[in-house]
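If you want the building blocks of each chain, they are given just below.
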Amino acid sequence: MDPLRQSPSPSSSRASSPRTLSCERLGYVGIEAVLDQLKIKAMKMGFEFNIMVVGQSGLGKSTMVNTLFKSKIWKSTMPGLRVPMPQTLQLHSVTHVIEENGVKLKLTVTDTPGFGDQINNDKCWDPILGYINEQYERYLQEEILITRQRHIPDTRVHCCIYFVPPTGHCLRPLDLEFLQRLCRAVNVVPVIARADSLTIEEREAFRHRIQDDLKTHSIEVYPQKSFDEDVNDKILNSKIRERIPFAVVGADREHMVNGRCVLGRKTKWGIIEVENMAHCEFPLLRDLLIRSHLQDLKDITHNVHYENYRIIRLKESHALPQGPGWVNLAPAPPPAPTGTRASPGPAKMCRWAEDNSDEDF
Amino acid sequence: HGTDLCRHPSSKKTLCRSQLFQSHITTKTAHTSSQVSDHEQKQKDSPRSLTMSGHVGFESLPDQLVNRSIQQGFCFNILCVGETGIGKSTLIDTLFNTNFEDHESSHFYPHVRLKAQTYELQESNVRLKLTIVNTVGFGDQINKEESYQPIVDYIDAQFEAYLQEELKIKRSLFNYHDSRVHVCLYFISPTGHSLKTLDLLTMKSLDSKVNIIPVIAKADAISKTELQKFKIKLMSELVSNGVQIYQFPTDDETIAKINASMNGHLPFAVVGSMDEVKVGNKMVKARQYPWGVVQVENENHCDFVKLREMLICTNMEDLRDQTHTRHYELYRRRKLEEMGFMDVGPENQPLSLQETYEAKRHEFYGERQRKEEEMKQLFVQRVKEKEAILKEAERELQAKFEHLKRVHQEEKLRLEEKRRLLEEEIMAFSKKKATSEIYQNQTFMTPGSNLRKDKDRKK
């Protein structure tokens, strides 16, 4: 048979030859103009960001959100005019479009009033996990349609800020339970709320205790160590990991300090400036969430958490008995209580031996 | 209070106060497969726009996005379709300012083949994985009926590979080497008259699968006036035959003007060359003829610079985008519909791909079970038959054995009988012999009487 005569079969005509040649270019071509094209496209489409705040009432969640985005996303509740305490955990979602220098950001903030406020807080994380999974489900349903939309609206929770009450001791059982379950489903950033009630030394001690607690229970908060890609990332992220959880103070009132107008809380013994690194670590939180890691949060949600959800969801709908080729390839999961994921599916990654052949319809 | 579901109707104006509150009832089951109705979705789509009182800092978002893309690197795949010797490789070399491949291809291939090569280019901090796919042997055969089929097959194969990856359960899309063809440069030979039939057919079969940019190759073979007429003729032929070539996008103000003017210059008349010629006091890429020098990068001489501008500097991202959102989606939709999936079921209930897939899976599984059963039955039956035959043979063998044994026994008995008789005879004979010897002895003693006795005896 003539060696030149080859009918291109799908497998052989794939262009990805493992051997890619690096070429010497002899002059300017203009490839880097693609970066500008990307920017133009991104600015036109706008960005989306979904954030969830979880914590007991009175820890300053709404104020914190207002401070983060420097606008009145919610009316912060004053004690006298408070609505009666909700009997069950609810979720409130609010969507805003904010613009800065031509960059449009569609921001969705989900609040969880009633979390941890009841006498019996058992399974109070279920509605939250349910909400998060529901967003994943929505995206999945959109993605597997035959006629898909050009741009699937992204309502998945990209980041969950967990407010730890400033007891100064260590993480409470409720905190531990919640963090354990949620870290598998979403990026969690724990913060020490109302940090103005702790002195600097108390803060440091508290922080170290929390870090130890997290390590003991193998809770991976954002930025997760296992997703560091290269050396630069590692260095940057380990600096952040040393300071997690940030001790923050939220404020949406402005006061005059030394002739400047700053956001802060006014007390009899002084004014706590929110943006001052010596007073609290709010700038770190803001920089992490918005200025440097926003895209990374979205990427990890899309590439890791959403994919995990998808795998489990697509597998558990195979109600067929597992055949003789069933192989469990996953390493043993870290010790976690049953029902880690909200769905009853197995937490380990199971893989059929004939997995790939499933797709040849 | 906790179980009220209040929803305010929202208007489309973004400056109106249209806040959307959703109260979720405590859900017992963890994940609810909720299908959000269109109406709800539209309500959610008109959020309130907010003004901020200070600098928040998310204007760095595009930069974050760009940084991530730089880390990941870019992928671009070009397909060059054109006759052998029309200048495809030279043009690609000139476009990317690199000597990719050196040897000329032969004219004697019996079939059209596609050859793909991947190269890694880097310019400042942008890494580009460029894949050039060349058609080898296009237009060389005497019978050109099947010339364009391999090209269509190749493009479909790339889409198929991506679709397979996307449908996998455990997939890794973010580091998948995207091999889908982003742009097809179609090389038209500079006859000056009109499109060849082969060109028309090929472009017609490719236009719904890939972005086509037609170029007039070896444009230094046509004079300027002829070129204008040629271009007009080509475009009118393409339009009248309904071929959809790629139009440069004009929806973004920054590039709309230049794109619109470029759209008017299609198809680009290009000249490719990597040889350098001294013009004035500079070395430029050009082709030297006895009657003059055709400079590649001179806009008066050919449209090469325009092509490079459009292809790489201005619209690379849009080409990739169109491939993914238009051509790939079309392919995916067709393929899935072909396999029997639908979005809407018999009673106009939205069917999920998942359920259909599951149903099909059940079907196939059932089918397989049934076939297995069948084969098992067949096997058992055959085994039984074989056993019966073997048993029969065994019985026969046994019977034969018995028969032989009997025969043997009889033989043995007869022989025994004979032997006994023989022995009796032997005994009788030996007795006779003994008595005769005694007689002889006695006759020796009394010779006379023996004889008489003998005589007597003999009487």
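The structure presented is a predicted model; accordingly, all values stated were derived computationally and were not measured.

Caption draft 1: Region of the structure containing the sheet that holds strand 3 (residues 92–100) of chain A. An order of 7(A)-6(A)-5(A)-2(A)-4(A)-3(A)-1(B) is seen for the seven strands of this open sheet, with the pairing classed as mixed. Across the chains shown, the open sheet's two edge strands, defined by having one partner strand only, are strand 7 (246–247) of chain A together with strand 1 (48–50) of chain B. Note: strand 2 (residues 47–54) of chain A against strand 5 (residues 159–164) of chain A, four bridges, orientation parallel. What sits directly across from A:Val53, in strand 5 of chain A, is A:Ile161.

Caption draft 2: Highlighting the environment of A:Lys104. All names here are of chain A. Within the fold, Lys104 resides in strand 4 (residues 103–111). Taking the C-alpha atoms as reference points, Lys104 and Glu48, 56 residues apart in sequence, are found 8.5 Å from one another. Excluding anything up to four places from it in sequence, Lys104 contacts Gly46, Phe47, Ile98 and Glu99.

Caption draft 3: Broad picture of a nonpolar patch on the surface. Taken together, the side chains of B:Phe379, B:Val380 and B:Val383 define a hydrophobic patch exposed on the protein surface, amounting to about 270 Å² of accessible area. Within the element layout of this structure, B:Val380 appears in helix 10 (residues 353–445).

Caption draft 4: View of the pairing of strand 6 (residues 188–192) of chain A. Residues and elements named next belong to chain A. In terms of burial, strand 6 is a largely internal element, five of the five residues being buried. Covered by surrounding structure in strand 6 are Val188, Pro190 and Ile192 together with Val189 and Val191, the residues of both alternating faces. The pairing of strand 5 with strand 6 spans five bridges and is classified as parallel. Within the sheet, the bridge partner assigned to Cys160 lies in strand 6 and is Val188.

Caption draft 5: Layout of the side chain of B:Asp156. Inspection of the secondary structure assignment puts B:Asp156 in helix 4 (residues 149–167). If sequence neighbours within four positions are ignored, B:Asp156 has contacts with B:Lys209 and B:Tyr331.

Caption draft 6: Spatial organisation of the sheet that holds strand 8 (residues 276–279) of chain B. Residues and elements named next belong to chain B. Read across the open sheet, the three strands follow the order 8-9-10; overall the sheet is antiparallel. A single partner strand is all that each edge strand has here, and the edge strands are strand 8 and strand 10 (292–295). Strand-to-strand, the axes of this sheet are offset by a mean angle of 65°, without reference to chain direction. Across four bridges, the pairing between strand 8 and strand 9 (residues 282–289) is antiparallel. Residue pairing for strand 9: Glu276 is matched across the bridge by Lys285.

Caption draft 7: Seen up close, the side chain of A:Glu307. The topology assignment puts A:Glu307 in helix 8 (residues 294–316). Since its relative accessible area comes to 10%, A:Glu307 is described here as buried. Contact partners of A:Glu307, with chain neighbours within four places excluded, come to A:His302 and B:Arg171.

Caption draft 8: The packing of helix 3 (residues 126–143) of chain A against helix 8 of chain A, seen in detail. Residue and element names in this part refer to chain A. Contact geometry for helix 3 and helix 8: axes closest at 10 Å, N-to-C directions at 80°. In this view, helix 3 runs roughly perpendicular relative to helix 8, as classed from their interaxial angle. When helix 3 is examined against helix 8, the residues Asn133, Tyr136, Glu137, Tyr139, Leu140, Gln141 and Glu143 are found in contact with a partner set consisting of Thr301, His302, His305, Tyr306, Tyr309, Arg310 and Arg313. Residue composition of the contact of helix 3 with helix 8, grouped by class: five nonpolar, five polar and four charged.

Caption draft 9: How the structure looks around the state of the cysteines. All names here are of chain A. Enumeration over the complete set of coordinates arrives at zero disulfides over all chains. Looking at Cys160, it has no disulfide partner, and the nearest cysteine sulfur is the one in Cys159, 7.0 Å off. Judged by relative accessible area, Cys160 falls into the buried class, the value being 0%.

Caption draft 10: Quick look at helix 8 (residues 304–314) of chain B. Among the eleven residues in helix 8 of chain B, ten count as buried, and that is most of the element. Where helix 8 of chain B is concerned, the buried positions are B:Phe304, B:Val305, B:Lys306, B:Leu307, B:Arg308, B:Met310, B:Leu311, B:Ile312, B:Cys313 and B:Thr314.

Caption draft 11: Representation of unusual backbone geometry within the structure. Residues and elements named next belong to chain A. For the bond running from Tyr222 to Pro223, omega is -5°, close enough to zero to count as cis. Along the chain, Pro223 turns up in the loop between helix 5 (200–216) and helix 6 (231–243). The residue after Ile244, namely Pro245, is reached through a cis peptide bond having omega -5°. You can see Pro245 is positioned in the loop between helix 6 and strand 7. The residue Arg194 is not glycine, and still its phi comes out positive at about 50°.

Caption draft 12: Structural context of the packing of aromatic side chains. Residue and element names in this part refer to chain A. For the structure on display, the rule yields 13 aromatic pairs over all chains. With 4.9 Å between their ring centres and 70° between their planes, Phe115 and Phe178 make a pair best called edge-to-face. Within this pair, whereas Phe115 is found in the loop between strand 4 and helix 3, its partner Phe178 is found in helix 4 (residues 173–183), the two being separated by 63 residues in sequence. What makes Phe115 buried here is its relative accessible area of 1%. By relative accessible area, which is 0% here, Phe178 ends up buried. Considering the side-chain rings of Tyr162 and Phe178, the 5.0 Å spacing of their centres and the 20° angle between planes classify their relative orientation as stacked. Taken together, the positions of Tyr162 in strand 5 and Phe178 in helix 4 put the pair 16 residues apart, joining distant regions of the chain. On the basis of relative accessible area, Tyr162 is assigned to the buried category, the value being 1%.

What counts, and where the lines are drawn
- Residues numbered from 1 in each chain as written.
- Chains lettered and ligands numbered in written order.
- Predicted model: local features only at pLDDT ≥ 70, side-chain atom pairs only at ≥ 80, totals over all residues.
- Heavy atoms only, no water.
- Pairing = 2+ DSSP bridges.
- Helix = DSSP H or I, 4+ residues; strand = E, 2+ residues; numbered from the N terminus.
- Contact = heavy atoms within 4.5 Å.
- Patch = residues over 30% accessible without salt bridge, like charges linked within 9 Å, V, L, I, M, F, W, Y side chains within 5 Å.
- Areas by Shrake-Rupley, 256 points an atom, 1.4 Å probe, with all protein chains shown as cover.
- Salt bridge = Lys/Arg side-chain N within 4 Å of Asp/Glu carboxyl O.
- Buried < 20%, exposed > 50% of the residue type's maximum accessible area, 1.4 Å probe, protein only.
- Axes fitted to C-alpha atoms, helices over the stretch in contact; angles between N-to-C directions.
- Parallel < 35°, antiparallel > 145°, perpendicular 65-115°, else oblique.
- Nonpolar A, V, L, I, M, F, W, Y, C, P; charged D, E, K, R; others polar.
- Disulfide = S-S within 2.5 Å.
- Phe/Tyr/Trp six-rings, centres within 6.5 Å; stacked < 30°, edge-to-face > 60°.

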